[in-house]
2 protein chains.
Amino acid sequence: MQQAIGDWTERFDGTRQLPRDLRDRLLRLASLRRFKAGETVFAPGRVPNSLLLLLEGTIRVFQTSDSGREIVLYRVEAGQSCVLTTACILAEEAYSAEGVAETDVVAVALPRSAFDRLAADSEAFRQFVFAAYSRRLLDLLRVVDDVAFGKIDVRLAARLVALADAEGALNATHQQLATELGTAREVISRQLTEFQRRGWIEAARGRILLRDVPALKALARQK
Amino acid sequence: MQQAIGDWTERFDGTRQLPRDLRDRLLRLASLRRFKAGETVFAPGRVPNSLLLLLEGTIRVFQTSDSGREIVLYRVEAGQSCVLTTACILAEEAYSAEGVAETDVVAVALPRSAFDRLAADSEAFRQFVFAAYSRRLLDLLRVVDDVAFGKIDVRLAARLVALADAEGALNATHQQLATELGTAREVISRQLTEFQRRGWIEAARGRILLRDVPALKALARQK
DNA sequence: GGCGGGGCGTGACAAAGTCACAGAAGCGCT
DNA sequence: AGCGCTTCTGTGACTTTGTCACGCCCCGCC
């Protein structure tokens, strides 16, 4: 982890196409930041005054309600930027979402001034930023749709498939899955019991094995 | 309605501060668009290739589920821009929300190329655009929060207060209110019956009178 | 006056969320 | 191994919300 990152401008659509001089400027202006898994990257009150560009790892962005329940809004993956924060930075408004590193994270922090300069100088960069915004907006629209109109068995099936690794396994407690979908643990427990009864999954403490991915996918496609 | 709009660049934070030459360029490049109340401004498949800046009226933006239920995401008011569309235009991605004119609407349409040029030339304009994004993101976060964690009596009370005019009256059917909150008509009917039993409102066909706004506001503040 | 359609009320039921509690599984410690 | 603690999971009873089916009422229109 200690090795140099090198020319990270190579890794983003929005920076790869920039002329050499802009890229060099970026390399000078941006600083490297690392977060350990579980660390909070941003939260209400803790405003990082810069745009984060993820090089490695993923950040889970979620919202917490007053009553303590949570819901995952989206994940920021390597090669993407964390625009939600940016939006609120640039608008100097309070936001209510929180981001934690889901794995160890390496990111580039681009200070606000540099961000603005780049936005002025490069159409490619503007494209990149707007595309990122667009993506998040669409993510949020999806969340609204799911929460407002989706059935939880369908949503849970989809999430299980999405979170599982190549072997069809995932480490997650019922509570964590409840947080993913913004529901209560008991609801997840009951659904998982039902899935297990049907032989679709095999549950262990904090771990779930998908036994019938096609069946889960079929359910997930519904509605 | 036929009179000239004049220098509309005066009306937006993002354009008011621009130098005279840029503003003149804007006035040349942008075109005036009008929509009648009820008309669809944008919808999946009908992508206006420009940024809309609202001069008069309001646009209701909502999402429709496959099953036909709807939910209002936010409203675009005069002086604001319709960035959700923009995001999707710029990213060239499909979006799933729809916008209809809630009143007669007068707007300025700024073509994509002009938008981009302006974004390059003016920091004030960039600020404006990002602030608009930020606002919508926050609106959507609010919707997610409400839908995922809010109780409908609270949400309905809040919406009644928000939609009522100065006299505490609003014209809306139960179905329309259901659409506001993304729920079913029967749910609204029952809640309204309860509100009426408590003497908080008075209901007529397609019309509701708020009799005890403080009580409604108190309920709305909860949670 | 009769007719038709949108708006509204209601009962019965299904799905989801809440509350309370109990048992099981891991984990550290001796 | 045994103990005690915490966390995770299962379950029953109940509330809230959403769904379905139906019937009535109001109002405009022929």
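Since we're looking at a predicted model, the values are computed, not measured.

Caption draft 1: Layout of the domain arrangement of chain A. Residues and elements named next belong to chain A. As assigned here, chain A comprises domain 1 (8-147) and domain 2 (150-221). For domain 1 versus domain 2, the distance between C-alpha centres works out to 29 Å. Each side of the interface is counted separately: domain 1 has nine residues, and domain 2 has ten residues. Carbon and sulfur atoms make up 40% of the surface buried where domain 1 meets domain 2, a total of about 740 Å² over both sides. Applying the counting criterion to the domain 1 and domain 2 interface returns one salt bridge. Among the salt bridges present, the one from Arg-75 reaches Glu-180, with a minimum N-O distance of 2.4 Å. The tally of links from domain 1 across to domain 2 stands at five residue pairs in polar contact (both at pLDDT 80 or more). Sorting elements by how many residues they give to the side of domain 1 that touches domain 2 places strand S5 (residues 70-76) first, with four residues. Of the residues belonging to the side of domain 1 that touches domain 2, the class tally is three nonpolar, no polar and six charged.

Caption draft 2: The protein's contact with DNA strand C, seen in detail. Around DNA strand C lies a shell of 18 residues, among which Thr-183 and Arg-190 of chain A together with His-174, Arg-185 and Gly-206 of chain B are the nearest. The share of sugar and phosphate among atoms of DNA strand C within 4 Å of the protein is 52%. Contact distances for DNA strand C include 2.9 Å between a phosphate oxygen and a backbone N or O atom of His-174 of chain B. Sorting elements by how many residues they give to the surface near DNA strand C places helix H8 (residues 185-197) of chain A first, with four residues. Taken together, the residues that form the surface near DNA strand C break down as four nonpolar, five polar and nine charged.

Caption draft 3: Quick look at the protein's contact with DNA strand D. Around DNA strand D there are 18 residues in total, and His-174, Arg-185 and Arg-205 of chain A together with Thr-183 and Arg-190 of chain B lie nearest to it. Between DNA strand D and Arg-185 of chain A, the relevant distance is 2.8 Å, taken from a base oxygen to a side-chain nitrogen or oxygen of the residue. One nitrogen or oxygen atom from the main chain of Ile-152 of chain B is found 3.3 Å from a phosphate oxygen belonging to DNA strand D. Secondary structure elements with two or more residues in the surface near DNA strand D: H8 of chain A together with helix H8 (185-197) of chain B. Looking at the surface near DNA strand D element by element, the count peaks at four residues for H8 of chain B.

Caption draft 4: Main features of the relation of the copies chain A and chain B. With an RMSD of 0.1 Å, chain A superimposes on chain B once it is rotated by 180° and translated 0.1 Å along the axis. Here the copies are linked by what is in effect a two-fold axis. Looking at the rotation axis and the C-alpha trace of chain A, the residue lying nearest is Ala-120 of chain A, at 2.2 Å. Same-surface contact between copies: 100% of interface residues of chain A are shared with the interface of chain B.

Caption draft 5: Spotlight on the sheet that holds strand S10 (residues 207-210) of chain B. Residue and element names in this part refer to chain B. Across the sheet, which stays open at both edges, the three strands sit in the order S8-S10-S9 with antiparallel pairing between neighbours. Either end of the sheet is taken by a strand with one partner, and the two such strands are strand S8 (169-171) and strand S9 (201-204). Averaged over all adjacent pairs, the angle separating strand axes in this sheet is 15°, with direction ignored. As paired strands, S9 and S10 are joined by four bridges and run antiparallel to one another. Bridge pairing in S10 places Glu-202 opposite Leu-209. Its contacts with the sheet put H8 on S9 and S10, and the angle it makes with S9 is roughly 130°.

Conventions we followed
Residues numbered from 1 in each chain as written. Chains lettered and ligands numbered in written order. Predicted model: local features only at pLDDT ≥ 70, side-chain atom pairs only at ≥ 80, totals over all residues. Heavy atoms only, no water. Domains from an automatic or database assignment. Contact = heavy atoms within 4.5 Å. Buried area = accessible area lost by both parts, 1.4 Å probe. Salt bridge = Lys/Arg side-chain N within 4 Å of Asp/Glu carboxyl O. Polar contact = N/O pair within 3.5 Å; in protein donor to acceptor, adjacent residues only side chain to side chain. Helix = DSSP H or I, 4+ residues; strand = E, 2+ residues; numbered from the N terminus. Nonpolar A, V, L, I, M, F, W, Y, C, P; charged D, E, K, R; others polar. Near = heavy atom within 4 Å. Least-squares fit on C-alpha atoms with pLDDT ≥ 70 in both. Pairing = 2+ DSSP bridges. Axes fitted to C-alpha atoms, helices over the stretch in contact; angles between N-to-C directions.

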